[in-house]
Amino acid sequence: KETDETGESKIKFVSGSVEAACGLGLADGIVDLVETGTTMRAAGLCIVETIMVSESVLISNKHARHLPLVETMRKRIEGFQTATKYQMIQYNVHKDNLEKALALTPGKRSPTVSTLTEQGWCAVSALVKKDEAAQIMDELIRVGGDSVLLFGIANTRM
């Protein structure tokens, strides 16, 4: 809206790194789709107003000719989403403490438990939520876990 105070407003469509427009003096403000805001903050910008919260969805026609391709896309998206929420934890634990350790790491479906060559010990692998991982690592040590490792996940198919 044009006023005596603000003057004429011009809206232009720009694609690509629109955050740079402010820094280059090409714009006083921008409207952008922001997922995390990392690039925006790196450019020294901040959110003035949230215009809209949106959601991305995969939609399929149940009579589509390429339903297997749609299902492959769904699995890929689901795999990426799982990878962003979970990490793989691996640790060793004596069988006397296994039940307590498994209570901390039930996994998404179930943990993998393997017998070690050292008598009475086993290795456990399980998915844990990223935001709980550090606490779980500490708790595993308290219940007798040893050699606790945490791995990032690039992608999954489950």
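Residues numbered from 1 in each chain as written. Predicted model: local features only at pLDDT ≥ 70, side-chain atom pairs only at ≥ 80, totals over all residues. Heavy atoms only, no water.

S.K.: Provide a residue-level description of the pattern of salt bridges, including the pertinent values.
M.R.: With the rule as written, the count across this model stands at three salt bridges. With a shortest N-O distance of 2.6 Å, Arg74 and Glu71 are connected by a salt bridge. Residue Arg74 and its partner Glu71 are both found in helix H3 (residues 67–85); the two are separated by three residues, about one turn of the helix. Glu78 is the salt-bridge partner of Arg74, the closest N and O atoms lying 3.6 Å from each other. Residue Arg74 and its partner Glu78 are both found in helix H3; the two are separated by four residues, about one turn of the helix. (Salt bridge = Lys/Arg side-chain N within 4 Å of Asp/Glu carboxyl O. Helix = DSSP H or I, 4+ residues; strand = E, 2+ residues; numbered from the N terminus.)

S.K.: Describe a nonpolar patch on the surface, and please don't skip the residues or the numbers.
M.R.: Taken together, Leu58, Leu69, Met73 and Ile77 make up a surface patch of nonpolar side chains, about 350 Å² in accessible area. With respect to the secondary-structure elements, Met73 resides in helix H3. (Patch = residues over 30% accessible without salt bridge, like charges linked within 9 Å, V, L, I, M, F, W, Y side chains within 5 Å. Areas by Shrake-Rupley, 256 points an atom, 1.4 Å probe, with all protein chains shown as cover.)

S.K.: Describe H3, listing the residues and the values that go with them.
M.R.: With 19 residues, H3 extends 27 Å between its outermost C-alpha atoms, agreeing within 8% with the 27 Å of an ideal straight helix rising 1.5 Å per residue. Check the buried side of H3 and you find it contacts strand E1 (86–94). (Expected span 1.5 Å × (residues − 1). Contact = heavy atoms within 4.5 Å.)

S.K.: So, helix H5 (residues 133–142): which residues are in play, and what are the values?
M.R.: Buried within H5 are the following residues: Ala133, Ile136 and Leu140. Angular distribution of buried residues about the axis of H5 spans 60°; they occupy a single face of the element. Within H5, the exposed residues directed more than 90 degrees away from the buried face are Ala134, Ile141 and Arg142. Tucked inside the fold, the buried residues of H5 contact E1, helix H4 (98–104), strand E3 (121–129) and strand E4 (146–151). Immediately beyond the C-terminal end of H5, within one or two residues, lies Gly144, with a positive phi of roughly 105°. (Buried < 20%, exposed > 50% of the residue type's maximum accessible area, 1.4 Å probe, protein only. Arc of directions from axis to C-beta.)

S.K.: An account of the pairing of E1 is needed here, citing residue identities and associated values.
M.R.: Summarising the sheet, E1 and E3 pair through nine bridges and their orientation is antiparallel. Directly across from Val93, in E3, lies its bridge partner Cys122. In the sheet, E1 pairs with E4 via four bridges, with the strands oriented antiparallel. When the bridges of E4 are listed, Met88 appears paired with Phe151. (Pairing = 2+ DSSP bridges.)

S.K.: How would you explain the sheet that holds E4 if you had to name every residue and give the values?
M.R.: In spatial order, the strands read E2-E3-E1-E4; together these four strands make up an open sheet with antiparallel pairing. Edge positions in the sheet fall to strand E2 (112–115) and E4, since each has one partner strand and no second. Mean inter-strand twist for the sheet, computed between neighbouring axes without regard to direction, equals 15°. Contacting E1 and E3, H3 runs over the sheet at an angle of about 55° to E1. (Axes fitted to C-alpha atoms, helices over the stretch in contact; angles between N-to-C directions.)

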